[in-house]
Amino acid sequence: MTFLTFLTSLTSEQVVFILASILTIGAALVVVTNRNLFHAALALMASFLGVAGIYITLDAGFLAAAQLLVYIGAISILIIFAIMVTRRMMQVSESPFNSQRGLGFFVAVAGFLIVAVVILQWFGGEAFAAKPPVAPAVLSNAVAALGVSFVNPNAFALPFIVISILLLAALIGAIYIAWPRQRIDPAEDEA
Amino acid sequence: MPPVTIEWYVALSVILFLIGSMGVLLRRNAIILFMSIEMMLNSANLLFVAFARYLGDLDGQVLVFFVITVAAAEVAVGLALIVAIFRTKHSINIDEINLMKG
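Residues numbered from 1 in each chain as written. Chains lettered and ligands numbered in written order. Predicted model: local features only at pLDDT ≥ 70, side-chain atom pairs only at ≥ 80, totals over all residues. Heavy atoms only, no water.

A look at the overall build of chain B
The line we're drawing: Secondary structure counts use DSSP, requiring at least four H or I residues in a row for a helix and at least two E residues in a row for a strand, with both numbered from the N terminus. Note on method: radius of gyration uses C-alpha positions; expected globular size equals 2.2 Å times residues raised to 0.38. Note on classification: 1.4 Å probe, protein chains only; a residue is buried when its accessible area is under 20% of the maximum for its type, exposed when over 50%, partly exposed between these limits.
For chain B, the count of helices and strands is three helices and zero strands. Order of helices (α) and strands (β) in chain B, N terminus to C terminus: α-α-α. Computed over its C-alpha atoms, the radius of gyration of chain B comes to 17 Å, more than 25% above the 13 Å expected for a compact globule of 102 residues. Projected onto its principal axes, the C-alpha coordinates of chain B cover approximately 55 × 30 × 25 Å. Looking at chain B residue by residue over its 102 residues, the buried ones come to 62%.

Let's talk about the domain arrangement of chain A
Many authors give the size of an interface as the accessible area that is lost as the parts come together. Where we set the bar: Domains are outlined according to an automatic or database domain assignment.
According to the domain assignment, chain A contains domain 1 (9-90) and domain 2 (134-181). Relative placement of domain 1 of chain A and domain 2 of chain A: their C-alpha centres are 22 Å apart.

Some points on the interface of chain B and chain A
Applied cut-off: Pairs of residues are marked as contacts when any of their non-hydrogen atoms sit within 4.5 Å. Buried surface area refers to the total accessible area, computed with a probe of radius 1.4 Å, that the two partners give up upon joining, counted for both partners together. Between Lys or Arg on one side and Asp or Glu on the other, a salt bridge is scored when a side-chain nitrogen of the former is within 4 Å of a carboxyl oxygen of the latter. Each residue is assigned to one class: nonpolar for Ala, Val, Leu, Ile, Met, Phe, Trp, Tyr, Cys and Pro, charged for Asp, Glu, Lys and Arg, and polar for all the others, Gly among them.
Contact residues are listed per partner, giving 71 residues for chain B and 88 residues for chain A. Both faces considered, chain B and chain A share a buried interface measuring about 7,300 Å² in area, 78% of it formed by carbon and sulfur atoms. Summed over the shared surface of chain B and chain A, the number is one salt bridge. Across the pair R53 of chain B and D59 of chain A runs a salt bridge whose closest N-O atoms are separated by 2.6 Å. Ranked by residues supplied to the side of chain B that touches chain A, first place goes to helix α3 (residues 59-89) of chain B with 24 residues. In terms of residue class, the side of chain B that touches chain A is built from 51 nonpolar, 12 polar and eight charged.

Examining unusual backbone geometry
A positive phi angle, near 60°, is found at D59 of chain A, a position not held by glycine. A relative accessible area of 31% means that D59 of chain A is categorised as partly exposed.

Description of the nonpolar core
Most often, soluble globular proteins keep nonpolar side chains buried together rather than apart. Filter applied, for reference: What we call a nonpolar core is a set of buried Ala, Val, Leu, Ile, Met, Phe, Trp, Tyr and Cys residues that are connected through their side-chain atoms within 4.5 Å.
Ranked by size, the top nonpolar core spans 69 residues in total, and within it I54, Y55 and I79 of chain A together with Y9, I31 and M35 of chain B carry the most contacts. Listed by contribution, the elements that provide at least two residues to this core are α2 (12-33), α3 (37-57), α4 (61-85), α5 (101-122) and α7 (142-151) of chain A together with α1 (6-26), α2 (30-55) and α3 of chain B. Each of domain 1 (9-90) and domain 2 (134-181) of chain A contributes no fewer than three residues to this core. In contact with Y55 of chain A, not counting residues within four places along its chain, are A60, L63, A64 and Q67 of chain A together with N42, N45, L46, V49 and V64 of chain B.

Some points on a nonpolar patch on the surface
Residues and elements named next belong to chain A. Short version of the rule: Two joining distances apply to patches: 9 Å for like charges and 5 Å for nonpolar side chains (Val, Leu, Ile, Met, Phe, Trp, Tyr), and every residue must have over 30% relative accessible area and no salt bridge. Calculation of accessible area relied on Shrake-Rupley with a 1.4 Å probe; when residues are assessed, cover is drawn exclusively from the protein chains displayed.
A surface patch of nonpolar side chains, amounting to about 400 Å² of accessible area, comprises F3, L4, F6 and L7. The topology assignment puts F6 in helix α1 (residues 2-9). According to the relative accessible area criterion, F6 is partly exposed, its value standing at 36%.

A word on the packing of aromatic side chains
Here is the rule we go by: When two rings of Phe, Tyr or Trp (its six-membered ring) have centres within 6.5 Å they constitute a pair, described as stacked for plane angles under 30 degrees, edge-to-face for angles over 60, and tilted for the intermediate range.
Applying the stated criterion across every chain yields a total of nine aromatic pairs over all chains. Geometrically, the ring pair formed by F150 of chain A and F160 of chain A is tilted, given 4.9 Å between the ring centres and 35° between the ring planes. Linking F150 of chain A in helix α7 with F160 of chain A in helix α8 (residues 157-178), this pair joins segments that are 10 residues apart in sequence. On the accessibility criterion, F150 of chain A (13% relative accessible area) is buried. A relative accessible area of 36% means that F160 of chain A is categorised as partly exposed. Aromatic rings pair up to connect F62, F150, F156 and F160 of chain A together with F65 and F66 of chain B into one cluster.

Rendered as structure tokens:
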């Protein structure tokens, strides 16, 4: 009975946040622990979906759509293609962890503790006590404001150009790296 | 139940970052490493969006777009490297990729 009253006392925002957090963290744990590479990729998509839900609780609907398009639609599919290309090394019998698992676990937990201590000291700030109602101009025109800030020379026009050149260069570099080269095949050099 | 404050988002982000760093440091498969790096970038994005919301400022969301772009570039180059390494070594086990070890 007390559990029922607890459930009914939750606001819709809390319900969405909790469900999206459970999806995000649970799927992330599946990614890190699962032996099957393909299942890990599917869990990664679920984790991205949970993050998109969190964006929606933060009134960032456009970013949630971009998350769905770019992460779930493009990056996850790219990872699945890479899994298919390198499929032969998926022996289930071997341990999924590398040779430095003990040291790696220690470093990860130590880093987590350092971050947690720093954040716990910072908590208690009064400025973030409750979610402030965002001014309607900022919220309802978020897409327009984002677009303007990308072309405004006083805002993010230069980083926008730099990032697009970076993306172009990275994609050309990726094609160059993955391009099959018969010339450096040692068997052909000997022939 | 207290209302949803920024501490909730910070806690979620830190937990997601911890899981991602565990994946990078513990797993053997290079593709899992890339997935974990994407998760860590996602946790940083989460923090950007949360602070943008609580400060009522859109600049955090703009930065998230830049992070998404860099993540796309990174995963494209990284997966191309994995494919190239797999072609020469027939393995993407990071314990066996030790060509540049001193």
